[in-house]
Amino acid sequence: MSKEAGPFAETAPSAAEAEAGERAAFRLAVLDGLRRSPRAIPAKFLYDARGSALFDAICELPEYYLTSIETAILTDCAPEIARLAGPGCALIEFGSGSSVKTRLLLDAMPDLAAYVPIDISRQHLDVTAARLRGDYPALPVRPVCADYMTLAALPPGVGAARRIGFFPGSTIGNLTPPEATAFLRRARALLGEGGALVLGADLKKDPQRLHDAYNDSSGVTAEFSLNLLRRINRELGATFNLAAFAHEAFYDPGHGRIEIYLRSLAAQSATVAGHAFEFAEGERVHTEYSYKYDDADIDALASSAGFTIVRRWTDPGRLFAVIYLKASS
Ligand code: AVI
């Protein structure tokens, strides 16, 4: 590994090295997930370039209210977030996606000491950092290429500024409750004493509304799910017949979560990286959970991880919430 590699490096390992590492991890995870009972492949692998573009398209769908509602809430509450955070803090984003929502905070906090996007994709980080440096020339942008679920420390360049975390988009919902607590504890440690976190969470609501958000009429979400098999075929030399699998998503009120699967429409076999797998008709491969929260769930999550809720904002229909949490002392 080159001297400059690691989470704080501005220069990455070569693109070929990074790709080989990602491919090996993908292969291991897919083979492991298909050997499990029930079968499951981690949701993070949905986001290759095509999967990310399909997710961006999901965010534009009329049924997928999450993005537009959260953006509207953030537009309204960004000045208050800036007041609560105070001057000269560092903004740390966990999983820097498209920077639309980030910009709402950057615009409201013109005197930030630094913006620290953390993302597992070097390519994503480079694009985000270059765009933001162009648009906010006075803002120190300090990208960290890492998995925020395991990152142990922030780069020294972030300095002693008060740290405000940002975890929008209901990404918390893709974590199981123990994972969500583990993530928030890690965030609490990274943000330090005096730190705070701005969290976006999708709220429990009419199950039909939730069902529709994950079963859109134009089939984009189905395409997003099936793209996982397309990716496995392309990157791992697999032989999945995409037409013989279907996207299945439903709300489970008992667990308060959307569950998403790829369902085999026939008895069939497929080969992945030279290994054969049999699928019974109706057998499912789990790909995602999307947990929905109510106020009590958010309270319990915050206190389990050493945070106190300072403020919550929601839309008039109570579809989505943005929460400002501070590290409990
Ligand atoms: C990224 N994440 C918050 C989305 C969600 O709503 O759980 C992923 C998604 N999967 C299907 N539609 C959207």
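Presented here is a report on the structure given in the accompanying data block. (Residues numbered from 1 in each chain as written. Predicted model: local features only at pLDDT ≥ 70, side-chain atom pairs only at ≥ 80, totals over all residues. Heavy atoms only, no water.)

1. Here we look at the state of the cysteines
Inference 1: Taken as a whole and judged by the stated rule, the model has 0 disulfides.
Inference 2: Left unpaired, Cys77 is separated from the closest cysteine sulfur, that of Cys89, by 14 Å. (Disulfide = S-S within 2.5 Å.)

2. Concerning helix α4 (residues 100-108)
Inference 1: Listed as buried for α4 are Lys101, Thr102, Leu105 and Leu106. Down the axis of α4, the smallest arc covering the buried residues is 140°, so these residues share one side. In this structure, α4 carries Val100 and Asp107 as exposed residues pointing more than 90 degrees from its buried face.
Inference 2: In this structure, the buried side of α4 is in contact with α3 (66-85), β2 (90-94), β3 (114-119), α5 (122-135) and β5 (163-167). (Buried < 20%, exposed > 50% of the residue type's maximum accessible area, 1.4 Å probe, protein only. Helix = DSSP H or I, 4+ residues; strand = E, 2+ residues; numbered from the N terminus. Arc of directions from axis to C-beta. Contact = heavy atoms within 4.5 Å.)

3. Notes on unusual backbone geometry
A negative phi angle characterises most non-glycine residues, just as the trans form characterises most peptide bonds.
Inference 1: Between Ser37 and Pro38 the backbone carries a cis peptide bond, its omega angle lying at -5°.
Inference 2: As for its placement among the helices and strands, Pro38 is situated in the loop between α1 (15-35) and β1 (39-40).
Inference 3: One non-glycine residue, Ala273, lies in positive phi territory at about 45°.
Inference 4: Along the chain, Ala273 turns up in the loop between β9 (268-272) and β10 (275-279).

4. Quick notes on the site of the ligand
Inference 1: In the vicinity of the ligand, 13 residues are found, and the nearest of them are Tyr64, Asn174, Tyr214, Glu288 and Ser290.
Inference 2: Side-chain polar atom of Tyr64 to an oxygen atom of the ligand: 2.5 Å apart, as the coordinates give it.
Inference 3: When isolated, the ligand has an accessible area of 340 Å², and the protein chains bury 97% of it.
Inference 4: Every element with two or more residues in the shell around the ligand is listed here: α2 (49-59), α8 (220-236) and β11 (284-291).
Inference 5: Per-class residue counts for the shell around the ligand are 7 nonpolar, 5 polar and 1 charged.
Inference 6: Looking at the shell around the ligand, you find at least three residues from each of domain 1 (21-45 + 220-291) and domain 2 (65-205 + 293-327). (Near = heavy atom within 4 Å. Polar contact = N/O pair within 3.5 Å; in protein donor to acceptor, adjacent residues only side chain to side chain. Areas by Shrake-Rupley, 256 points an atom, 1.4 Å probe, with all protein chains shown as cover. Nonpolar A, V, L, I, M, F, W, Y, C, P; charged D, E, K, R; others polar. Domains from an automatic or database assignment.)

5. Focus on the packing of aromatic side chains
Inference 1: By the definition in use, this model includes 17 aromatic pairs.
Inference 2: Over the aromatic face of Phe279 sits the side chain of Arg39, whose NZ or CZ is 4.5 Å from the ring centroid.
Inference 3: Residue placement shows Arg231 over the ring face of Phe26; its charged tip is 4.2 Å from the ring centre. (Phe/Tyr/Trp six-rings, centres within 6.5 Å; stacked < 30°, edge-to-face > 60°. Lys NZ or Arg CZ within 6 Å of the ring centre and 35° of its normal.)

6. Examining the sheet that holds β3
Inference 1: Read from one edge to the other, the open sheet built from 7 strands follows the order β4-β3-β2-β5-β6-β13-β12, with strand pairing classed as mixed. Looking along the sheet, the strands with just one partner apiece sit at the ends: β4 (144-145) and β12 (307-314).
Inference 2: With 2 bridges joining them, β3 and β4 adopt parallel strand pairing. Across the sheet, Asp119 pairs through a bridge with Cys145, a residue of β4. (Pairing = 2+ DSSP bridges.)

7. A look at the side chain of Glu288
Inference 1: Checked against the element boundaries, Glu288 lands in strand β11.
Inference 2: Although Glu288 is buried, it forms no salt bridge, and the closest oppositely charged side chain is Lys292 at an N-O distance of 8.9 Å.
Inference 3: With near-sequence residues (within four places) excluded, Glu288 lies in contact with Ala43, Leu46, Tyr47, Asn174, Phe224, Ile258, Glu259 and Ile260. (Lys, Arg positive; Asp, Glu negative; His and termini not counted. Salt bridge = Lys/Arg side-chain N within 4 Å of Asp/Glu carboxyl O.)

8. Re the sheet that holds β1
Inference 1: Reading across from one edge, β1-β11-β8-β7 is the order of the 4 strands in this open sheet, with mixed pairing throughout. Each of the sheet's edge strands pairs with one partner strand only, and the pair in question is β1 and β7 (245-252).
Inference 2: In this structure, β1 lies alongside β11, joined through 2 bridges in parallel fashion. The partner of Ala40 across the bridge, within β11, is His286.

9. Looking at the pairing of β2
Inference 1: The buried count for β2 comes to 5 of 5 residues, which makes it a mostly enclosed element.
Inference 2: Here β2 shows two buried faces, one formed by Ala90, Ile92 and Phe94 and the other by Leu91 and Glu93.
Inference 3: Taken together, the 5 bridges between β2 and β3 define a ladder with parallel strand orientation. Residue pairing in the sheet places Leu91 in a bridge with Tyr115 of β3.
Inference 4: Sheet topology places β2 next to β5; 4 bridges connect them, and they run parallel. Paired with Leu91 across the two strands is Ile164, which belongs to β5.

10. Observations concerning α2
Inference 1: Within the span of α2, buried status applies to Gly51, Ser52, Leu54, Ile58 and Cys59. One face of α2 carries all of its buried residues, which in axial projection span an arc of 160°.
Inference 2: Its buried side turned inward, α2 meets α3 and α8.

11. What to know about the environment of Ala327
Inference 1: Relative to the helices and strands, Ala327 is located in strand β13 (residues 320-327).
Inference 2: With relative accessibility at 9%, the residue Ala327 sits in the buried group.
Inference 3: Remark: the alpha-carbon pair of Ala327 and Phe55, spanning 272 residues in sequence, is separated by 32 Å.
Inference 4: Not counting residues within four places of it along the chain, the set of residues in contact with Ala327 comprises Arg188, Gly192, Gly195, Gly306 and Phe307.

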